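# Structural characterization, general
Spelled out from the first residue to the last, the chains are:
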Amino acid sequence: KWALILLPGDPAERVQIVPVGAGQARALHWDGFQPLWAKWFPDGQHILLQGTEKGQSERVYITDVNGSTPKMISPDASPWSEISPDGNSVSLLQKSGWVIVSLPSGTAKAVPALQAGEFPVAWAADSKHVFTQAGTATGANIFKLDLDSGKRELWQVITPRDQLGLRPMSVPVTITPD
């Protein structure tokens, strides 16, 4: 029912919460903090965002729809992140590699059994597995990875029917929750 909007060049440096139907838009603003991107948590009450505090590098934070002071969850910027369906974990790319940040504890652990060139693209509905993508010469392999054991299984092979003019896949796939 709501969309998060960050307007490029907004001098007020706001995250705007805008209704997709009837309703009143709201703006979140923090002095000395510039938001760069934002994503909804599944509960619709919390927001994952990346931004910069004055004099600091880009980092990843959590806030809520009431505009509470953003709480840092990663000291590194992350060009790609995914929130688990239960809202308790976030996968992030840090300088050390792909990690899963547990929000209750604040701890980060490496995504187990990732292979070179592979990266997480989506959480499974159970929040205990992630889907990863590995590029191939003709498409991509999607693996389902158990975060506790590191066990991996090939879940899907994506290959276009017509390979004429084929270029390697350079963007992540999107997987629906069902």
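Residues numbered from 1 in each chain as written. Predicted model: local features only at pLDDT ≥ 70, side-chain atom pairs only at ≥ 80, totals over all residues. Heavy atoms only, no water.

## Comments concerning the packing of aromatic side chains
Centre distance and the angle of the planes are the two values used to describe a pair of aromatic rings. Rules: Any two rings among Phe, Tyr and Trp, with Trp reduced to its six-membered ring, count as a pair given centres within 6.5 Å; such a pair is stacked if its planes are under 30 degrees apart, edge-to-face if over 60, and tilted if neither. Burial classes follow relative accessibility: with a 1.4 Å probe on protein chains only, a residue under 20% of its type's maximum area counts as buried, one over 50% as exposed, and anything between as partly exposed. Working definition: helices are DSSP H or I runs of at least four residues, strands are E runs of at least two. Numbering for both runs from the N terminus. In this scheme, Lys NZ or Arg CZ marks a charge over a ring once it lies within 6 Å of the ring centre and within 35 degrees of the ring normal.
Summed over the entire model, instances satisfying the criterion amount to 3 aromatic pairs. Ring geometry for Trp30 versus Phe33: centroids 5.6 Å apart, planes at 90°, classification edge-to-face. The exposure classification of Trp30 matches that of Phe33, with both residues buried. A ring pair is formed by Phe33 and Tyr61, whose centres lie 4.9 Å apart and whose planes are at 90°; its orientation type is edge-to-face. Placement of Phe33 in strand S4 (residues 33-40) and of Tyr61 in strand S6 (residues 59-64) is noted, with a sequence separation of 28 residues between them. For the pair formed by Phe33 and Tyr61, the shared burial category is buried. Following the ring pairs from residue to residue traces out a cluster consisting of Trp30, Phe33 and Tyr61. Over the ring of Trp80 we find Lys39; its NZ or CZ atom is 5.5 Å from the centre of that ring. The residue whose ring lies beneath Arg152 is Phe143, and the NZ or CZ to ring-centre distance is 4.2 Å.

## Notes on the sheet that holds strand S10 (residues 97-102)
The strands that make up a sheet pair up through hydrogen bonds in the backbone, lying either parallel or antiparallel. To be explicit about the condition: Strands qualify as paired when DSSP identifies two bridges or more between them. Where helices are involved, their axes are fitted lines through C-alpha atoms of the stretch in contact, as for all axes, and angles between N-to-C directions lie from 0 to 180°.
Spatial strand order, S8-S9-S10-S11: 4 strands in an open sheet with antiparallel pairing. Only two strands of the sheet have a single partner each, and these edge strands are strand S8 (81-83) and strand S11 (108-110). Between one strand axis and the next, the sheet turns through 25° on average, direction left out of account. Where strand S9 (residues 89-94) and S10 come together, 6 bridges link them in antiparallel fashion.

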